[in-house]
Amino acid sequence: MKQCSKCKKRKDENEFGKNRTRADGLRIWCRECESEYARERYEKKRGSVKKYNNYKDLHRVAGGVKQKRCGRCKKWKAENQYYQHSRHKDGLAVWCKECANTATNSCRRRRAVKS
Ligand SMILES: [Zn+2]
Ligand SMILES: [Zn+2]
């Protein structure tokens, strides 16, 4: 019998996978925990795929016009309502022009107050 270091249950040696680098030649986690871990990792991977879907959620075509959802005002706006942003996947800024202008204006105003 060997105790699993993850679930702390005592299980038969054949419930553990092999690990030649260990003194007892067995893995420290039982097979059940190993597969649980593998599944978690798989689901995390799928989570990152979800992120990619999120990217799709921010884009749509309405009335033949490509639109993007603004990350600030959350409104759907035509792609030409966004500034170009070459580093982004879609080549567009996250915020619409209106929001971007509002942000820079308030920034300028703050700077103006300072000087
Ligand atoms: Zn276990
Ligand atoms: Zn906006």
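Let me sum up the structure you'll find in this document. Worth saying up front: this structure is predicted, and the values here are computed from it rather than measured.

**A closer look at the pattern of salt bridges**
Then, in step 1: Taken as a whole and assessed by the stated rule, the structure comprises 7 salt bridges.
Then, in step 2: Glu 34 serves as the salt-bridge partner of Arg 27, at 3.5 Å between the closest nitrogen and oxygen.
Then, in step 3: Accessibility expressed as a relative area gives 35% for Arg 27, which makes it partly exposed.
Then, in step 4: Taking the relative accessible area as the measure of exposure, Glu 34 reaches 25% and is therefore partly exposed.
Then, in step 5: Between Lys 77 and Glu 98 there is a salt bridge whose closest N-O contact spans 3.0 Å. Of this pair, Lys 77 sits in strand β7 (residues 76-78) while Glu 98 sits in helix α2 (residues 97-114); the two residues are 21 residues apart in sequence, bridging distant segments of the chain.
Then, in step 6: Lys 77 gets classed as buried once you look at its relative accessible area, which sits at 14%.

**Describing the coordination of the zinc ion (ligand 1)**
Then, in step 1: Surrounding the zinc ion (ligand 1) are the protein donor atoms Cys 4 (SG), Cys 7 (SG), Cys 30 (SG) and Cys 33 (SG), at 2.2 to 2.4 Å.
Then, in step 2: One can describe the donor arrangement at the zinc ion (ligand 1) as tetrahedral, given that its 4 donor atoms subtend angles of 101 to 123° at the metal.
Then, in step 3: Mapping the donors of the zinc ion (ligand 1) onto the primary sequence yields the spacing C-x2-C-x22-C-x2-C. Separated by 29 residues along the polypeptide, Cys 4 in the loop between β1 (2-3) and β2 (10-11) and Cys 33 in helix α1 (residues 31-57) bring together distant segments of the chain. In this pair, the class of Cys 4 matches that of Cys 33, namely buried.

**What to know about the coordination of the zinc ion (ligand 2)**
Then, in step 1: Here the zinc ion (ligand 2) is held by Cys 70 (SG), Cys 73 (SG), Cys 96 (SG) and Cys 99 (SG), and the distances to it run 2.2 to 2.3 Å.
Then, in step 2: All donor residues of the zinc ion (ligand 2) come from one chain, and their arrangement in sequence is C-x2-C-x22-C-x2-C. Here Cys 73 is found in the loop between β6 (65-69) and β7, whereas its partner Cys 96 is found in strand β9 (residues 92-96), with 23 residues between them in sequence.

**Concerning the sheet that holds β6**
Two modes of strand pairing occur in sheets, parallel and antiparallel, and in both the strands are linked by backbone hydrogen bonds.
Then, in step 1: The strand order across the open sheet formed by 3 strands is β5-β6-β7, and the pairing between neighbours is antiparallel. One side of each edge strand has no neighbouring strand; the edge strands of this open sheet are β5 (59-62) and β7. Within this sheet the neighbouring strands show an average axis-to-axis angle of 40°, counted without direction.
Then, in step 2: In the sheet, β6 pairs with β7 via 3 bridges, with the strands oriented antiparallel. Bridge pairing in β7 links Lys 68 to Lys 77.

What counts and how
- Residues numbered from 1 in each chain as written.
- Chains lettered and ligands numbered in written order.
- Predicted model: local features only at pLDDT ≥ 70, side-chain atom pairs only at ≥ 80, totals over all residues.
- Heavy atoms only, no water.
- Salt bridge = Lys/Arg side-chain N within 4 Å of Asp/Glu carboxyl O.
- Buried < 20%, exposed > 50% of the residue type's maximum accessible area, 1.4 Å probe, protein only.
- Helix = DSSP H or I, 4+ residues; strand = E, 2+ residues; numbered from the N terminus.
- Donors = N, O, S within 2.8 Å, 3.2 Å for Na, K, Ca; no water.
- Tetrahedral: all angles 85-135°; square planar, octahedral: opposite > 155°, others 65-115°.
- Pairing = 2+ DSSP bridges.
- Axes fitted to C-alpha atoms, helices over the stretch in contact; angles between N-to-C directions.

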